[in-house]
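Structural features, examined
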Amino acid sequence: MSWKMRVVLLIGFVAWVYRAFRPPPPRLCGTKGGPPLVGPRIQLRDGRHLSYKEHGAPKETAKHKVVLVHGFSSSKHEASIAATDLVEKLGIYFVSFDRPGYGESDPDPKRTIKSLALDIEELGHQLELGAKFYIVGTSMGGQAVWGCLKYIPHRLKGAALLAPVVNYWWPSFPPALATEAYNLQPVQDQWALRVARHAPWLVYWWNTQKWFPGSSVAAGTQNFTAPDLQIIAQMAASGVSHKAYATQQGVHESYHRDMMVGFGHRDLDPMQLEDPFPHGEGSVHVWHGTDDGIVPVSLQRYIAEELPWVRYHELPNAGHLFSCGETAVKDAILSKLLVADKMDH
């Protein structure tokens, strides 16, 4: 083979690698060829837009105002915690929003846990939620709540984290405990998290190539346990699904960006946080199911032990999706956050 042919083949290989590793541009909402804009949005400090949806009591008369942060593969349409009679009884207003890159919110290639906390602060300001509001985060949305507790605690009345995703590389975890929990994950997920942690530029290729399985969570084949499967069956029976909506702009700036931010080298370790409510003016609640097959309960227990100001609630025989299940659980979450705390103080 001549040297010219070798050069041509090398150039071809480099071009193939470049295209395989480089994610396609997102299909921005409201642009030619992109999804349509349907819901209301605010414009953020850097020009991006954040889409939101309101639920519950009217904002003008509500006694409590709560920001909801959705999890991985979800969107602003996931607000099942607002589906309870307690909402009307207590006068609760909820606002959910599409995290950057999801649904109708513009992507943020520079997204960090801090930038998302500042997005939430700006959402509260532009929607006139008052000087302080409550925040509830589910699954991956739990990391956003930790971020708000670190970066905007002065804007919070209280916080609840429901089955929050952990980063196995948070420095305060004992290495043996983190390794034990990490090894409970399917092997394909262990590798997907390693890539997100150590080689984020490979995340798109790793989770879209066909040679071996990528993240089971990104593929929708995660390790749901029996309690979760029951809830999933009930949700499927309703006939309503917003899964396609969540990633309508593309999977890279939604799913893959979540992985890079959530498991990368970032500026968050919840166990190094100080009590955001040192005078008892608010409370922080962590809820977790003993049968969660996605986030090991052992790590939540350790966080609760290290942070005495966290009120930890462990639900027996509950999986990762408990907040989408029984009304009694939703009522307990809201009551502890909004009512019981006021009685205690």
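Residues numbered from 1 in each chain as written. Predicted model: local features only at pLDDT ≥ 70, side-chain atom pairs only at ≥ 80, totals over all residues. Heavy atoms only, no water.

**Concerning the nonpolar core**
Note the threshold: Throughout, nonpolar core names a set of buried Ala, Val, Leu, Ile, Met, Phe, Trp, Tyr and Cys residues whose side chains join them through atoms within 4.5 Å. Each residue's exposure class comes from its accessible area (1.4 Å probe, protein chains only) as a fraction of the maximum for that residue type: buried when under 20%, exposed when over 50%, partly exposed otherwise. Helix and strand definitions follow DSSP, with helices as H or I runs of at least four residues and strands as E runs of at least two, each counted in order from the N terminus. Whether two residues are in contact is decided by their heavy atoms: any pair within 4.5 Å suffices.
In terms of nonpolar packing, the biggest core is built from 71 residues, with V67, F97, I120, I135, W146 and F173 touching the most fellow members. In terms of residue count, helix α4 (residues 141-151) provides more of this core than any other element does, 6 residues in total. Once you skip the residues sitting within four places of it in the chain, F97 turns out to touch L50, S51, Y52, V67, L68, V69, H70, K76, L116, I120 and L123.

**As for helix α3 (residues 113-126)**
Our working definition: Given a helix with a known number of residues, its expected span is that number minus one, times 1.5 Å. Polar contacts, as used here, are pairs of N or O atoms within 3.5 Å; protein pairs need one atom able to donate a hydrogen and one able to accept it. Residues neighboring in sequence count only if both atoms are side-chain atoms.
The terminal C-alpha atoms of α3, which comprises 14 residues, lie 20 Å apart, in line with the 20 Å expected from a rise of 1.5 Å per residue. Buried within α3 are the following residues: I113, S115, L116, A117, D119, I120, E122, L123 and G124. Sitting at the head of α3, T112 places a side-chain oxygen 3.3 Å from the backbone nitrogen of K114. Remark: E128 follows α3 within two positions and exhibits a positive phi of approximately 55°.

**Comments concerning the environment of G264**
The topology assignment puts G264 in the loop between α11 (252-263) and β7 (284-289). Assessed through its relative accessible area of 5%, G264 is described here as buried. For the pair G264 and T112, spaced 152 residues apart in sequence, the C-alpha to C-alpha distance is 9.8 Å.

**Description of the pairing of β7**
For clarity, the threshold we go by: By this definition, two strands are paired if DSSP reports at least two bridges between them.
Of all 6 residues in β7, 6 are buried; the element is thus mostly enclosed. Of the strand pairs in this sheet, strand β6 (residues 156-162) and β7 are connected by 4 bridges, and their pairing is parallel. Within β7, the residue paired with A159 across the bridge is V284. Relative to strand β8 (residues 310-315), β7 runs parallel, the two being bridged by 6 bridges. The residue of β8 that forms the bridge with V284 is V310.

**A word on the pattern of salt bridges**
The cut-off we apply is this: A side-chain nitrogen of Lys or Arg and a carboxyl oxygen of Asp or Glu constitute a salt bridge if their distance falls within 4 Å.
Within this structure, the stated rule accounts for 12 salt bridges. Across the pair D258 and R99 runs a salt bridge, and its minimum N-O distance is 2.6 Å. Note that D258 is positioned in helix α11 and R99 in the loop between β4 (92-97) and α3, a separation of 159 residues in sequence. Taken individually, D258 and R99 each receive the classification buried, so the pair is uniform in this respect.

**Describing the environment of L50**
For L50, the position within the fold is in strand β2 (residues 49-56). For the pair formed by L50 and E253, sequence separation is 203 residues and the distance between their alpha carbons is 14 Å. Leave out the neighbours within four places in its chain, and L50 touches P40, R41, I42, L44, F97, D98, P100, S105, D119 and L123.

**Examining the sheet that holds β7**
Short version of the rule: Axis definition: a line fitted to C-alpha atoms, limited for helices to the stretch in contact. Angles are taken between N-to-C directions and run from 0 to 180 degrees.
Pairing within the open sheet is mixed, and its 8 strands lie in the order β1-β2-β4-β3-β5-β6-β7-β8. Looking along the sheet, the strands with just one partner apiece sit at the ends: β1 (41-43) and β8. Across this sheet, the average inter-strand angle for adjacent strands is 25°, counted without regard to direction. Bridge analysis of β2 against β4 gives 5 bridges, and the strand direction is antiparallel. Among the inter-strand pairings, Y52 is bridged to a residue of β4, identified as F97. Taken strand by strand, helix α12 (residues 297-306) contacts β7 and β8, and its axis lies near 155° from that of β8.

**Comments concerning the confidence of the model for the chain**
Convention followed: Note: pLDDT gives the predictor's confidence per residue, expressed from 0 to 100.
Looking at the chain as a whole, the pLDDT averages 89, with 92% of positions reaching at least 70. Within the chain, helix α1 (residues 3-21) has the poorest average pLDDT of any element, 49, and strand β5 (residues 133-138) the best, 98. Low confidence marks residues 7-16, where pLDDT is under 50. Its contacts with residues over four positions away, or in another chain, come to 2 contacts.

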